[in-house]
Amino acid sequence: MSQPARDVFRPSVVFVTGASAGFGAAIVRRFASGGARVVAAARREERLEQLAAELGKDRVHPLVLDVSDGAAVARAVEGLPADFAAVDLLVNNAGVAVGMDTAQRAKADDWAKMIDVNCKGLAFVTQALLPGMVARGRGHVVNLGSVAGTYPYPGGNVYGATKAFVHQLSLNLRSDLHGTGVRVTCIEPGMATSEFSEVRFGGDKAKADAVYKGMTPLSPEDIAATIEWVATQPPHMNVNVLELMPVAQSFAAFQVDRK
Ligand code: 8X3
């Protein structure tokens, strides 16, 4: 059996959700500066326009989109301009963590929001883009999971469960896409700097900053570089799951309730 050459694969059209800030914006910058055309999808138009102005409208196509609206996702994908239509890398980055209360105190609306964006939104965007990838015999879906999808912690409840969904959907997609050449990867980061903690704590910046006090979290650029690595491996190789953490974060013992 002869081995194919280890030629680097270069995605030419990248579709990034949650592109307006944090991981998403870093991913857009990385691929656009590497020569790809990038569809930058998010709800906040102003930030997308800034990103497109910074990187050039021929490189970055801003797309105002709420991923949890399935009909809007289908329309947006159908209406992509020709230069940005042949998506060969989808980065499902849009995701939210809302609240960190225990399950018995958490708000149902917060849970609904996380399920809508992290599960339904990710599934809708994937389903809208997969037929084109399969037809072209070329594509890669990179999903943003989390260590919270594998390791439980107090207050992780529905957030962690949505990320377990992302992990399992990623593996199941690999089964469905068998023989198509389309790749699927789940990237599962631990603590990272982004607006993530601010959103989680309802905009309380002091509480969010305290999460990262005295430690060095992963940066959006770390995540973007990791995604570039998985996406540029030779076409015969699929990274299924990649888990990463800051060195300063690790595991603690089980809790025991002693009376
Ligand atoms: C969140 C990562 O470590 O804050 O996706 O739970 S962690």
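Attention in this report is confined to the structure presented alongside it. (Residues numbered from 1 in each chain as written. Predicted model: local features only at pLDDT ≥ 70, side-chain atom pairs only at ≥ 80, totals over all residues. Heavy atoms only, no water.)

What to know about the pairing of strand β2 (residues 37–42)
Now for step 1: Taking burial as the measure, the six residues of β2 include five buried ones, the bulk of the element.
Now for step 2: Relative to β2, strand β1 (residues 13–17) is paired through five bridges, and the arrangement is parallel. Opposite V14, over in β2, you have V38 as the bridge partner.
Now for step 3: A crossover connection joins β1 to the parallel β2 through helix α1 (residues 22–33); in handedness this β-α-β unit is right-handed.
Now for step 4: As paired strands, β2 and strand β3 (residues 60–64) are joined by five bridges and run parallel to one another. Its bridge partner lying in β3, V39 is registered against H61.
Now for step 5: After leaving β2, the chain enters helix α2 (residues 45–55) and then returns to the sheet as β3, a path that is right-handed. (Buried < 20%, exposed > 50% of the residue type's maximum accessible area, 1.4 Å probe, protein only. Helix = DSSP H or I, 4+ residues; strand = E, 2+ residues; numbered from the N terminus. Pairing = 2+ DSSP bridges. Right-handed = clockwise from strand over helix to strand, strands pointing away.)

Description of the sheet that holds strand β4 (residues 89–92)
Now for step 1: With respect to topology, seven strands assemble into an open sheet ordered β3-β2-β1-β4-β5-β6-β7, the strand pairing being parallel. Each having just a single partner strand, β3 and β7 (241–244) make up the two edges of the open sheet. Strand after strand, the sheet turns through a mean of 15 degrees between neighbouring axes, direction not considered.
Now for step 2: Bridge count for β1 against β4 is three bridges, and the pairing is parallel. Looking at β4, one finds that V14 is bridged to L89.
Now for step 3: The sheet strands contacting helix α4 (residues 108–136) are β1, β4 and β5 (140–144), and the helix crosses β4 at an angle near 175 degrees. (Axes fitted to C-alpha atoms, helices over the stretch in contact; angles between N-to-C directions. Contact = heavy atoms within 4.5 Å.)

Focus on the side chain of K163
Now for step 1: Looking at the element boundaries, K163 is found in helix α5 (residues 157–176).
Now for step 2: Separated by 2.9 Å, the side chain of K163 and the backbone oxygen of L144 make a polar contact.
Now for step 3: Residue contacts for K163: discarding those within four places in its chain leaves N118, L144, G145, S146 and G149. (Polar contact = N/O pair within 3.5 Å; in protein donor to acceptor, adjacent residues only side chain to side chain.)

As for the packing of α4 against α5
Now for step 1: Running from N to C, α4 and α5 point in directions that differ by 15 degrees, and their axes come no closer than 8 Å. Of the possible angle classes, the one that applies to α4 and α5 is roughly parallel. Here α4 runs over α5; the crossing is right-handed. Listed contacts from α5 to W111, M114, I115, N118, C119, L122, A123, T126 and L130 of α4 are N157, V158, Y159, T162, K163, F165, V166, L169 and L173.
Now for step 2: For the contact of α4 with α5, the class distribution of residues is 13 nonpolar, four polar and one charged. (Parallel < 35°, antiparallel > 145°, perpendicular 65-115°, else oblique. Left-handed = near helix turned anticlockwise from the far one by under 90°. Nonpolar A, V, L, I, M, F, W, Y, C, P; charged D, E, K, R; others polar.)

Quick word on the site of the ligand
Now for step 1: The ligand sits among S146, V147, A148, Y153, Y159, P189, G190, M191, F196 and Q249.
Now for step 2: Contact between the ligand and S146: an oxygen atom at 2.6 Å from a side-chain N or O atom of the residue.
Now for step 3: Between Y153 and the ligand, the recorded distance is 2.6 Å, taken from a side-chain N or O atom to an oxygen atom.
Now for step 4: Summarising the interface, the protein chains cover 85% of the accessible area of the ligand, which totals 250 Å² for the free molecule.
Now for step 5: A breakdown of the residues in the shell around the ligand according to their chemical character gives seven nonpolar, three polar and no charged. (Near = heavy atom within 4 Å. Areas by Shrake-Rupley, 256 points an atom, 1.4 Å probe, with all protein chains shown as cover.)

A short note on α1
Now for step 1: The end-to-end C-alpha distance of α1 is 17 Å, a good match for the 16 Å that twelve residues give at a rise of 1.5 Å each.
Now for step 2: All of the buried residues along α1 are F23, G24, A25, A26, I27, V28, F31 and A32.
Now for step 3: Where α1 terminates, the next one or two residues include G35, which has phi positive at roughly 110 degrees. (Expected span 1.5 Å × (residues − 1).)

Structural notes on the nonpolar core
Now for step 1: In terms of nonpolar packing, the biggest core is built from 33 residues, with F15, L63 and L65 touching the most fellow members.
Now for step 2: Mapped by element, the contributors of at least two residues to this core are β1, β2, α3 (70–78), α4 and α5.
Now for step 3: Contacts of L65, omitting those with residues within four sequence positions, involve F15, A41, A42, R43, A72, V73 and A76.
Now for step 4: Grouped together as the second largest cluster of nonpolar side chains are 32 residues, A25, V142, I187 and A231 included. (Core = buried A, V, L, I, M, F, W, Y, C linked by side-chain atoms within 4.5 Å.)

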